[in-house]
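Residue-level listing of the chains:
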Amino acid sequence: MLTTFNPAELPRALQHILDRDEAAAAIAVAPALAQIPRRSFLKIAGAGSLALGVFPAMAQAQAPGKGEAAGLKPTEQPASFVEISPNGEVTVAINRLEFGQGVHTALPLVLAEELDADWSKVRARLGGNDAAYADPRYGIQMTGGSTALKHSYTQYRELGARARAMLVAAAAAQWKVDAATLRTREGFVLGPNGKKLSYGELAQAAMAQPVPATVVLKNPKDFRLIGKPTGRIDARAKSSGQQSFGIDMHLPGQLTAVIAHPPVFKAQLASLDDAAARAVPGVKAVLRVPVDGGGEGVAVIATGYWPARKGREALKAQWNTDAVEKVDSERQLAQYRELAAQPGARHFDADISALDKAPRHIEAEFSFPYLAHAPMEPLNCTVQMGETGEAGADLYLGTQFAGVDGMAAARVLGLKPEQVRVHVQMAGGGFGRRGVGTSDYVVEACQVALAARRAGLSAPVRMVWSREDDIKGGYYRPMHLHRAKIGFDERGKVLAWDHAIVGQSITAGTMFEGGMIKNGIDATAVEGMREPYPLPMRLTVHHPKVNVPVLWWRSVGSTHTAFVMETLIDEIARSSRQDPVAYRMQMFGDKHPRHRLALQLAVDKSGYGKRQLRAGRAWGVAVHESFDTVVAYVVEASVKDGRPVLHKATAGVHCNLAVNPRTIEAQVQGAALMGLSMCLPGAAITLKDGVVEQSNFGDFAVPRITDMPEIAVHVVPSAEPPTGMGEPGLPPLAPAFANAVAQLTGKLVRKLPFDLA
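As the structure is a computational prediction, the values presented were derived from the model and not from experiment. (Residues numbered from 1 in each chain as written. Predicted model: local features only at pLDDT ≥ 70, side-chain atom pairs only at ≥ 80, totals over all residues. Heavy atoms only, no water.)

With that out of the way, let us pick up the overall build of the protein. Each helix and strand in the protein was counted, giving 19 helices and 29 strands. Compactness check: the protein gives a C-alpha radius of gyration of 27 Å against a globular reference of 27 Å for 757 residues, within 12% of the reference. With respect to the principal axes defined by its C-alpha atoms, the protein has extents near 80 × 75 × 45 Å. Looking at the protein as a whole, 60% of its 757 residues qualify as buried. (Helix = DSSP H or I, 4+ residues; strand = E, 2+ residues; numbered from the N terminus. Rg over C-alpha atoms; globule rule 2.2 N^0.38 Å. Buried < 20%, exposed > 50% of the residue type's maximum accessible area, 1.4 Å probe, protein only.)

If you want it as structure tokens, here you go:
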């Protein structure tokens, strides 16, 4: 008997979303979605294939299956994750977005370890908005916060172990022997008297086996794959140009749309002359559409990107900006300085009465600009609407929040959430931009598709942002100002530290607000402050509201807090005539062994204190923990013609178990380069009269190959479950570089990008 999921069974919170347009309620229904009844087995790759699990209940009919394991959640049942073909190929589904961080290899590696698969036959595919692909801890589909391995390491091990047990049970039934007498090795079940069956041969029979509720995992000492440097599954396709990304989506009859956004955020159209745009060959429609934040834009829909862009260039649009704030970066900095001196919400509230009486003092102000994410693949989303409302819609995009974006799309398109199928595509970077709590570019794409349908265009519509759209389009790392007053003694002991942070809240107004904002303070703005040092700190926080959309940027709050903390700690060490490494080690005490090990590893491997640097170079040191991973840098830098130059960086990393050391090396190298990008001239987003002044890589600088230092990455050995690696390599790079510059020049770097004038 076929059964389908009944939307009426969803909790009232879901209807609350649909009725009141409150994205914040989305997270409340995710656990309920994860409990949708599902069958345990489904053929998905042709005759003879084994698929140990299910496909989305919200996407297709369900049927009861013999192999259903009572009490197992969708995220724990193998069928949505493991597919074994007759030729022995094993395809592993990924419950995250792959956008450069390496989960397309790391998660299959973990599952294949427990499955005892032949790694040469392991493949990977991306999941979607199926409940099975929810983060097993958070209950929603998400990629962010360096959580992929941290949250799914045990999950994927158990998935592999369950699939292996089913294969072994199938072989035992065929040979009529006790399953306990069998073993597996590289894609085969091995039996008595030299008997051997491949996983491909056993696939169909294994479908009839029950899914074990519990499994025994391997002892780490028996790992064949985990911990070994392994090439990426997607490396060949990406290096040869064969890999398809979201922007490459091409459906039959597909049209392409670009949007003319208002020059000032949230502005409205005053007038529009679109005659010239409609005359461009290939342009099918020019439509006014709502855009993010309540503004109004103009969508040009054409047979391809080029005619759509030429049509947009031909538009004659006037915008009404009278009712919106027009931000000016210079005025904003002055306003932030005024706020920093005022009382505000307290994050830490230590007694700082000893501040004025301290024998030594530091007073410092730090400023950090807005930063664009600027991934190599600009934002895009393809929407295919069904012929009738009942047919639903399909979305094709690289998204960090497939479920949230699916529900946002349903709201715009007037559909039920289970009618929207999200097909997650490879993404060419993101650094947080594809994880917007408001689903801005997804909502805009759906608005365009809906407007196109109303205008008589029934074809799929691919909405594409240009590089200029991407850099001028908002959702930046917020601008921040820090102000510190520190009192300490001759030995460097901090007696009192008074600190203020001013910057927009990232999570305010999003679905994360309830969990991230406490006592008026956004936790993302203060992460990385004080720890791991035992400091008597009073920390005041101000979150002004500004007409500039903001969002997390790779490593989030640590992009600025690590710089402040690590440059000030270095300054205290120099002022008290102490070696900056020895001073940090003393401050760690016995409470932070992972910091100590990471820093010591970087020191030992770099030769710090043991070899003489060439003339004109200096050492710089910094260490920081973010997302439960500690990264320390020891760098070598110089200053040439007034411009700082980073020559070498040695990283000590403590991320617990290194699942794939090669991926860790790549992540630290990429994060270090992005950290370097914050330091270089031109690496800032600025506004004048409400308009973003930068538009492309010509005026928003990113490091070139000539800026890339030599980077050596070393990992502290550990058998503990892995922590995240996508982001932690970024925060300590800039302060280590700044500390080297201060050693060389005596000039304290208080501003990013560096300004040594």
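That was the structure; now back to the text.
Here strand E17 (residues 420–424) shows a clear split, with Val420, Val422 and Val424 buried on one side and none of Arg421 and His423 buried on the other. For strand E16 (residues 393–397) and E17, the ladder comprises five bridges, and the chain directions are parallel. Residue pairing for E17: Tyr396 is matched across the bridge by His423. (Pairing = 2+ DSSP bridges.)

Another aspect to go through is the packing of helix H15 (residues 558–575) against helix H16 (residues 580–588). Across the interface, H15 lies against H16 with an axial gap of 9 Å and an inter-helix angle of 110°. By the angle between their directions, the pair H15 and H16 is classed as roughly perpendicular. Contacts between H15 and H16 involve Glu566, Ile569, Asp570, Ile572 and Ala573 from the first element and Pro580, Tyr583, Arg584 and Met587 from the second. Per-class residue counts for the contact of H15 with H16 are six nonpolar, no polar and three charged. (Axes fitted to C-alpha atoms, helices over the stretch in contact; angles between N-to-C directions. Parallel < 35°, antiparallel > 145°, perpendicular 65-115°, else oblique. Contact = heavy atoms within 4.5 Å. Nonpolar A, V, L, I, M, F, W, Y, C, P; charged D, E, K, R; others polar.)

Further remarks concern empty space enclosed by the protein. The full count for this structure, using the stated rule, is six cavities of 30 Å³ or more. What the second largest cavity holds in volume is close to 90 Å³. What lines the second largest cavity is a set of 14 residues, among which Asn95, Arg96, Leu97, Ala402 and Val424 lie closest to the centre. Tallied by class, residues from the lining of the second largest cavity come to six nonpolar, seven polar and one charged. (1 Å grid on protein atoms, 1.4 Å probe; cavity = no way out; pocket = protein on both sides within 12 Å on 5 of 7 lines; lining within 4 Å. Points joined across faces, edges and corners; volume = space filled by probe spheres on them.)

What follows concerns the sheet that holds strand E20 (residues 494–503). Taken together, the five strands give an open sheet; going across it, the order is E13-E23-E20-E19-E14, and neighbouring strands pair in mixed fashion. Each edge of the sheet is formed by a strand with only one pairing partner; in this case those strands are strand E13 (345–349) and strand E14 (360–368). Taken over all neighbouring pairs, the strand axes of this sheet differ in orientation by 10° on average, direction set aside. Its contacts with the sheet put helix H9 (residues 329–340) on E14, strand E19 (480–488), E20 and strand E23 (537–542), and the angle it makes with E19 is roughly 40°.

Moving on to the packing of aromatic side chains. By the definition in use, this model includes ten aromatic pairs. Centre to centre, the rings of Phe512 and Trp552 are 5.2 Å apart; their planes meet at 70°, and the pair counts as edge-to-face. Of this pair, Phe512 sits in the loop between E20 and helix H13 (513–516) while Trp552 sits in the loop between E23 and H15; the two residues are 40 residues apart in sequence, bridging distant segments of the chain. Note on accessibility: Phe512 and Trp552 belong to one class, buried. Between Tyr533 and Phe588 the ring centres are 5.9 Å apart and the planes differ by 15°, which places this aromatic pair in the stacked class. With Tyr533 in the loop between helix H14 (523–526) and E23 and Phe588 in helix H16, the pair connects residues that are 55 residues apart, well separated along the chain. Summarising the burial analysis for this pair, Tyr533 and Phe588 share the class buried. One cation-aromatic arrangement involves Arg530 over Phe348; the distance from NZ or CZ to the ring centre is 3.7 Å. (Phe/Tyr/Trp six-rings, centres within 6.5 Å; stacked < 30°, edge-to-face > 60°. Lys NZ or Arg CZ within 6 Å of the ring centre and 35° of its normal.)

All right, on to the nonpolar core then. Membership of the largest hydrophobic core comes to 90 residues, with the highest contact counts inside it found for Ile301, Val383 and Leu395. With twelve residues, the single largest contributor to this core is helix H4 (residues 148–175). One finds Met529, Ala622, Val623 and Tyr633 within the second-largest nonpolar core, a separate group that totals 80 residues. (Core = buried A, V, L, I, M, F, W, Y, C linked by side-chain atoms within 4.5 Å.)

Take the pattern of salt bridges next. Inspection of the entire model under this criterion finds 39 salt bridges. A salt bridge links Lys688 to Asp328; the shortest N-O distance between them is 3.5 Å. Of the two residues, Lys688 sits in strand E27 (residues 687–688) while Asp328 sits in the loop between strand E12 (316–320) and H9, which places them 360 residues apart along the sequence. Exposure remark for Lys688: the relative accessible area of 44% places this residue in the partly exposed category. With its nearest N and O atoms 2.9 Å apart, the salt bridge here joins Arg750 to Glu571. A residue pair is termed long-range when its members are at least 10 positions apart, and Arg750 in the segment after helix H19 (733–745) and Glu571 in helix H15 qualify at 179 residues. Here Arg750 falls in the buried class, since its relative accessible area comes to 18%. Residues participating in the shared-partner salt-bridge network are Glu113, Asp116, Arg164, Arg185, Glu186, Lys218 and Arg224. (Salt bridge = Lys/Arg side-chain N within 4 Å of Asp/Glu carboxyl O.)

Our focus in this paragraph is the packing of helix H18 (residues 661–677) against H19. Remark: H18 packs on H19, axes separated minimally by 8 Å, with the N-to-C direction vectors making an angle of 55°. Relative to H19, the element H18 is oriented oblique. Once H18 is placed against H19, the crossing between them reads as right-handed. Where H18 abuts H19, its residues Ala672, Gly675 and Leu676 lie against Leu733, Ala734 and Phe737. (Left-handed = near helix turned anticlockwise from the far one by under 90°.)

This brings us to the sheet that holds strand E26 (residues 643–654). Read from one edge to the other, the open sheet built from four strands follows the order E24-E25-E26-E29, with strand pairing classed as mixed. Edge positions in the sheet fall to strand E24 (618–626) and strand E29 (710–715), since each has one partner strand and no second. Strand-to-strand, the axes of this sheet are offset by a mean angle of 20°, without reference to chain direction. Relative to E26, strand E25 (residues 629–640) runs antiparallel, the two being bridged by eleven bridges. The partner of Val630 across the bridge, within E26, is His654.

Taking 1.5 Å of rise per residue, the 15 residues of helix H11 (residues 440–454) would be expected to cover 21 Å, and the 21 Å separating its terminal C-alpha atoms lies within 8% of that figure. Along H11, twelve of the 15 residues are buried, which leaves the element largely enclosed by surrounding structure. Of the residues trailing H11, Gly456 is marked for its positive phi of about 95°. (Expected span 1.5 Å × (residues − 1).)

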